[in-house]
Amino acid sequence: MPDIAKRFPENPILKPDDIRPSIDGMKVECLLNPGVFRFKEQTWLLLRVAERPEQKSDKTSFPILGAKGELQILEFDNADPKLNRADPRVIGYDGKDYLTTMSHLRLVASNDGIHFAEDQSYPSLFGRGELESYGIEDCRVVQIGATYYLTFTEVSEHGVGVGLRSTTDWRNIRQHGMILPPHNKDCAIFGEQIGGKYYALHRPSSPTLGGNYIWLAESPDLVHWGQHRCLAHSRPGLWDSARVGAGAAPIRTAEGWLEIYHGANGEHRYCLGALLLDLESPWKVLARSREPIMEPVADYERTGFFGNVVFTNGHLVDGDTVTLYYGASDSVICGARLSIQEILQTIRSSAI
Ligand code: MAN
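Presented here is an overview of the structure given in this document.

How each quantity is defined
- Residues numbered from 1 in each chain as written.
- Predicted model: local features only at pLDDT ≥ 70, side-chain atom pairs only at ≥ 80, totals over all residues.
- Heavy atoms only, no water.
- Helix = DSSP H or I, 4+ residues; strand = E, 2+ residues; numbered from the N terminus.
- Rg over C-alpha atoms; globule rule 2.2 N^0.38 Å.
- Buried < 20%, exposed > 50% of the residue type's maximum accessible area, 1.4 Å probe, protein only.
- Contact = heavy atoms within 4.5 Å.
- Areas by Shrake-Rupley, 256 points an atom, 1.4 Å probe, with all protein chains shown as cover.
- Lys, Arg positive; Asp, Glu negative; His and termini not counted.
- Charge placed at Lys NZ, Arg CZ, Asp CG, Glu CD.
- Pairing = 2+ DSSP bridges.
- Disulfide = S-S within 2.5 Å.
- Arc of directions from axis to C-beta.
- Polar contact = N/O pair within 3.5 Å; in protein donor to acceptor, adjacent residues only side chain to side chain.
- Salt bridge = Lys/Arg side-chain N within 4 Å of Asp/Glu carboxyl O.

1. So, the overall build of the protein
At step 1: A count of helices and strands for the protein gives 2 helices and 25 strands.
At step 2: Relative to the compact-globule value of 20 Å for 352 residues, the protein shows a C-alpha radius of gyration of 19 Å, a close match.
At step 3: Counting only C-alpha atoms, the protein reaches 55 × 45 × 45 Å along its principal axes.
At step 4: For the protein, the proportion of its 352 residues judged to be buried stands at 57%.
At step 5: Taking as baseline every contact in the protein between residues at least 6 positions apart, the subset at least 24 positions apart corresponds to 51%.
At step 6: Of the roughly 15000 Å² that the protein leaves accessible, carbon and sulfur atoms contribute 48%.
At step 7: Put simply, the protein has 36 plus and 45 minus side-chain charges, and the middle of one group is 2 Å from the middle of the other.

2. Some details on the sheet that holds strand 6 (residues 83–84)
At step 1: Pairing is antiparallel across the open sheet formed by 3 strands, whose spatial order is 6-7-8. At either end of the open sheet lies a strand with only one pairing partner, and these are strand 6 and strand 8 (96–99).
At step 2: Bridge count for strand 6 against strand 7 (residues 90–93) is 2 bridges, and the pairing is antiparallel. What sits directly across from N84, in strand 7, is G92.

3. Points about the state of the cysteines
Working definition: the covalent bond between the sulfur atoms of two cysteines is a disulfide.
At step 1: Taken as a whole and assessed by the stated rule, the structure comprises 0 disulfides.
At step 2: Note on C271: no disulfide assigned, nearest cysteine sulfur contributed by C334 at a separation of 15 Å.
At step 3: Judged by its relative accessible area of 1%, C271 is buried.

4. Brief notes about the environment of L47
At step 1: Take L47: it is sitting in strand 3 (residues 42–53).
At step 2: For L47, a relative accessible area of 0% translates into the label buried.
At step 3: The spatial distance from the C-alpha of L47 to the C-alpha of L32 is 6.3 Å, given a sequence separation of 15 residues.
At step 4: If we skip the residues at most four places from it in the chain, L47 touches L14, I19, L32, P34, H104, L105, R106, V108 and I333.

5. Some thoughts on helix 2 (residues 340–348)
Helical geometry note: an α-helix holds 3.6 residues per turn, so side chains three or four residues apart project in the same direction.
At step 1: Within helix 2, burial applies to I340, I343, L344 and I347. Taken end-on, helix 2 shows its buried residues confined to a sector of 100 degrees, consistent with a single buried face.
At step 2: Its side-chain oxygen placed 3.3 Å from the backbone nitrogen of Q341, S339 serves as the N-cap of helix 2.

6. Details of the pattern of salt bridges
At step 1: The tally for this structure, following the rule as stated, stands at 22 salt bridges.
At step 2: Residue E118 pairs with R20 through a salt bridge whose shortest N-O separation is 2.7 Å. Of this pair, E118 sits in the loop between strand 9 (102–110) and strand 10 (135–144) while R20 sits in the loop between strand 1 (6–7) and strand 2 (26–39), placing them 98 residues apart in sequence.
At step 3: The class of R20 is partly exposed, set by a relative accessible area of 34%.
At step 4: If you follow the salt bridges from partner to partner, you end up with D3, R7 and E301 in one network.

7. Overview of the pairing of strand 14 (residues 184–189)
Along a regular strand, successive side chains alternate from one face of the sheet to the other.
At step 1: In terms of burial, strand 14 is a largely internal element, 5 of the 6 residues being buried.
At step 2: Taken together, the 4 bridges between strand 14 and strand 15 (residues 198–204) define a ladder with antiparallel strand orientation. Residue N184 lies in a different strand from strand 15, and its bridge partner there is P204.

Next up, the structure:
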């Protein structure tokens with residue numbers, strides 16, 4: 001492999017067939033982009049499970065949540081000229097946009113970090129309320145003290161924003177509402193305060209002037225965020241020319257906060273790179289990958305529901321090793337190990 005990631009030989013470690021649908025009549029189409037944490041001496045993944053009904057050859061159908069939280073199935077004729085199916089992830093109908101699948105979040109646990117199974121005594125997390133009527137996605141999990149904070153994408157006809165929930169036991173989960181309004185996603189809260197404040201990376205989009213860039217915000221309480229600053233633009237001509245977004249919580253190193261982020265080019269090829277932020281002043285970017293540290297090169301990363309994608313928003317750190325869990329081709333869950341020193345070495349040469 002032409003990158004510095006050492007993929008698990010067992011990859012993919014979870015496939016859609018490994019996970020039962022949330023209700024009869026649904027089919028798990030994709031597993032994506034898990035949050036990762038340690039709890040009760042096990043490694044846990046909070047998977048994004050994307051479902052829709054089994055598709056008929058001449059129809060397109062997908063679930064949404066109705067006003068009372070009830071599941072509704074919308075179905076359109078593929079021959080209908082008002083239907084736009086150009087992107088496998090989104091559907092356009094008569095000027096309105098939908099997602100082709102609805103996602104919820106599912107817990108799986110493992111003793112060895114490779115073989116994961118569901119413990120059905122723990123609840124799944126579903127979209128709730130009108131800001132999550134198209135589902136919830138791509139959850140980052142950060143533990144601060146005894147509390148786990150979950151930041152995830154909330155999708156609805158109103159747009160795509162960032163929601164916050166928290167828990168101490170994964171059975172009782174508290175909702176804090178939308179913390180960053182549309183269009184915003186890829187929100188990763190730092191695992192510790194800096195100078196008495198909480199910090200988070202996030203990714204607002206400003207399509208007509210500006211772009212899909214990584215920003216930093218600060219907060220006194222994890223719910224109210226302000227003092228926004230732009231940290232990293234997409235870079236014309238490079239692998240991250242169209243959009244960039246944070247992965248999981250930054251990793252504290254002696255040289256600075258190391259953030260593993262995703263970047264995509266105009267062909268929607270998703271790779272991973274790294275940013276190094278100043279320890280005391282995290283709005284100062286010290287270095288950034290010129291080349292990706294991980295690219296979609298394995299078969300399972302190149303073909304699938306949406307090919308040429310490696311996307312991470314969860315990892316565990318043990319000494320010099322960061323174990324990344326990632327979604328490949330928007331279809332399956334994989335793992336890879338990287339050396340933190342090696343990542344730092346690759347970005348030192350591209351200090352800015
Ligand atoms: C993009 C992709 C999809 C996701 C939607 C909504 O189209 O990231 O996977 O479902 O945005 O967030």
